[in-house]
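Architecture at a glance
So the chains spell out like this:
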Amino acid sequence: MGQFLGGLDSALTGVVGGVNDFLAFKQTLPVALDFLAAAGWALLVAFPLALVAVGTSYRSARRRRADFKRYQSELELLRAELDEVKRQIASAS
């Protein structure tokens, strides 16, 4: 009789192990779903913030480009004035 119970014991151990695995999965499922929900909300919030950051960066770059062009034109004007002063000094001497 002990020979027959050995097979039954291993089969029951397998069934109990499967039930334990299922219960462990059932207990961890809400935690995983909460994590996925939080990650989804974070993504939902992060996407508009990323768009705002891109827009702000674009405006800032455009403003820096305009400032650089303004400085460049002012520099060209000052160089022209300097050349004019040099010519006046050279013609006076």
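Keep in mind that this is a model prediction, so the values were computed, not measured. (Residues numbered from 1 in each chain as written. Predicted model: local features only at pLDDT ≥ 70, side-chain atom pairs only at ≥ 80, totals over all residues. Heavy atoms only, no water.)

Turning our attention to the overall build of the protein chain. Secondary structure summary: the protein chain contains 1 helix and 0 strands in total. Computed over its C-alpha atoms, the radius of gyration of the protein chain comes to 39 Å, more than 25% above the 12 Å expected for a compact globule of 93 residues. A principal-axis box enclosing the C-alpha atoms of the protein chain has dimensions of 130 × 25 × 10 Å. Looking at the protein chain residue by residue over its 93 residues, the buried ones come to 1%. Carbon and sulfur atoms make up 69% of the accessible area of the protein chain, which amounts to about 8,500 Å² in all. Charge-centre separation for the protein chain: the mean point of 11 positive side chains lies 9 Å from the mean point of 9 negative side chains. (Helix = DSSP H or I, 4+ residues; strand = E, 2+ residues; numbered from the N terminus. Rg over C-alpha atoms; globule rule 2.2 N^0.38 Å. Buried < 20%, exposed > 50% of the residue type's maximum accessible area, 1.4 Å probe, protein only. Areas by Shrake-Rupley, 256 points an atom, 1.4 Å probe, with all protein chains shown as cover. Lys, Arg positive; Asp, Glu negative; His and termini not counted. Charge placed at Lys NZ, Arg CZ, Asp CG, Glu CD.)

This brings us to the pattern of salt bridges. According to the stated counting rule, one finds 2 salt bridges in the structure shown. We note a salt bridge from arginine 70 to aspartate 67, for which the minimum N-O separation is 2.8 Å. Residue arginine 70 and its partner aspartate 67 are both found in helix H1 (residues 2-92); the two are separated by 3 residues, about one turn of the helix. Across the pair arginine 87 and glutamate 84 runs a salt bridge, and its minimum N-O distance is 3.8 Å. (Salt bridge = Lys/Arg side-chain N within 4 Å of Asp/Glu carboxyl O.)

On to the environment of alanine 24, then. Inspection of the secondary structure puts alanine 24 in helix H1. The spacing of alanine 24 and arginine 87 is 63 residues in sequence and 91 Å in space, taken between C-alpha atoms.

Moving on, we come to the environment of phenylalanine 25. Relative to the assigned elements, phenylalanine 25 resides in helix H1. The class for phenylalanine 25 is partly exposed, based on a relative accessible area of 49%. Counting along the chain gives 33 residues from phenylalanine 25 to tyrosine 58, while the straight-line C-alpha distance between them is 48 Å.

Just geometry here; none of it tells us what the structure is for.
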